[in-house]
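Breakdown of the fold
Each chain, written out:
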Amino acid sequence: MSRVVVTGAAGFLGSHLCDALLARGDEVVGIDNLVTGDLSNIEHLFGVPGFTYVKHDVSSYVWVPGPVDAVLHFASPASPKDYLEMPIQTLKVGSLGTHNTLGLAKEKGARFFLASTSEVYGDPQVHPQPETYWGHVNPVGPRGVYDEAKRFAEAMTMAYHRYHRLDVRIARIFNTYGPRLRPGDGRVVSNFLVQALTGKPLTVYGDGRQTRSFCYVDDEIRGFLALLDSEHTGPMNIGNPGEFTVLALAELVLDVTNSGSEIVFEPLPVDDPTVRQPDISQARRLLGWEPVVELREGLTRTAEWLARVLER
Ligand code: UDP
């Protein structure tokens, strides 16, 4: 049994991570400042033995009393809509927040796990993206606030690893979806599902030929735990290599929800990556991990959950 600190605990991935850690018998101290997280994601954990929640912004100095075996840094706005609305907070949590949580891990002699992102590859010129690819990021474009914060976070994590000999893990997360995606979070899966379920037009940005590779949350969390428990520092891509155009996703959403919504086309956001697909050879070989939930099945489960949320 371990005592684990999870930042971003009330967020989409953070809350699922808390569930998985508690289920295997770990104690969890969940930290969140609730700017994009929501207590409804963890309300079922209040009163569960071994779970503690602390409302705090980890961009400010963070301290947790008692022993800590691992610090998992998941706090950050992650939807382009959110990080474009909160550019400075996004830069701060990726930089200062990473520095503070690394400091906590160092002080406690704990393992550190960074939730990094496929956005470190930017609009990639190598496809699919292996971990060895350095990326193609516009530092001064609007998405730079997220991409560069996460790139800095990786650099800072590796500096603590090399200079302080801290035990670290870096996961590069690709588009992930599932229950607890905020209905209004602006990302493509939540937008399309909510639009389809409420009979509104599905808003495809650009011509819809850009691609993404979508991983169901249960697969993603299993990948995180495999990396956390392994002896591999990473960075390691944790994502589903099944690649779809945005237009194909829209059509699949209409199909699984049995929706009569139409598809409309809207302008493509600035610096929107044209392709994205993880090369997961490393995760397969070193962790024995790969995703198993097909997009159709995952979308069906997510639609069922969203339909219940929308009813309320
Ligand atoms: N997108 C879209 N319609 C929407 C929301 C997003 O066509 O209502 C597109 C977006 O332009 C991008 C892809 O879907 O090409 C994925 O966008 P998302 O915001 O989910 O995350 P990203 O992968 O860009 O970080």
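Look up a bit, the structure's there.
In this text, all values refer to a predicted model and were calculated from it rather than measured experimentally.

Each value, and the rule that gives it
Residues numbered from 1 in each chain as written. Predicted model: local features only at pLDDT ≥ 70, side-chain atom pairs only at ≥ 80, totals over all residues. Heavy atoms only, no water. Axes fitted to C-alpha atoms, helices over the stretch in contact; angles between N-to-C directions. Helix = DSSP H or I, 4+ residues; strand = E, 2+ residues; numbered from the N terminus. Left-handed = near helix turned anticlockwise from the far one by under 90°. Contact = heavy atoms within 4.5 Å. Buried < 20%, exposed > 50% of the residue type's maximum accessible area, 1.4 Å probe, protein only.

What follows is about the packing of helix α1 (residues 12-23) against helix α6 (residues 217-229). Between α1 and α6, whose axes approach to 10 Å, the crossing angle comes to 65°. Viewed along their axes, α1 and α6 form a crossing whose handedness is right-handed. Residue-level inspection shows F12, L13, H16, L17, A20 and L21 of α1 in contact with α6, the latter providing V217, E220, I221, F224 and L225.

This part covers unusual backbone geometry. Look at the link from H127 to P128: it is a cis peptide, with omega at -10°. By secondary structure assignment, the location of P128 is in the loop between β5 (111-117) and α4 (144-163). Looking along the chain, the bond that leaves G234 and enters P235 is cis, with omega of 5°. Mapping P235 onto the fold places it in the loop between α6 and β11 (236-238). Although it is not a glycine, N258 adopts a positive phi angle of roughly 55°. Mapped onto the elements, N258 comes out in the loop between α7 (246-257) and β13 (263-266).

Quick look at helix α5 (residues 188-197) now. With respect to burial, α5 is a largely interior element, eight of its 10 residues being buried. Turning to α5, its buried residues are V189, S190, N191, F192, L193, V194, Q195 and A196. Its buried side turned inward, α5 meets β7 (176-177), β8 (202-205), α7 and α9 (295-311). Where α5 ends, the next residue or the one after it, G199, has phi of about 70°, a positive value.

Function-wise, these values are silent; they only describe arrangement.
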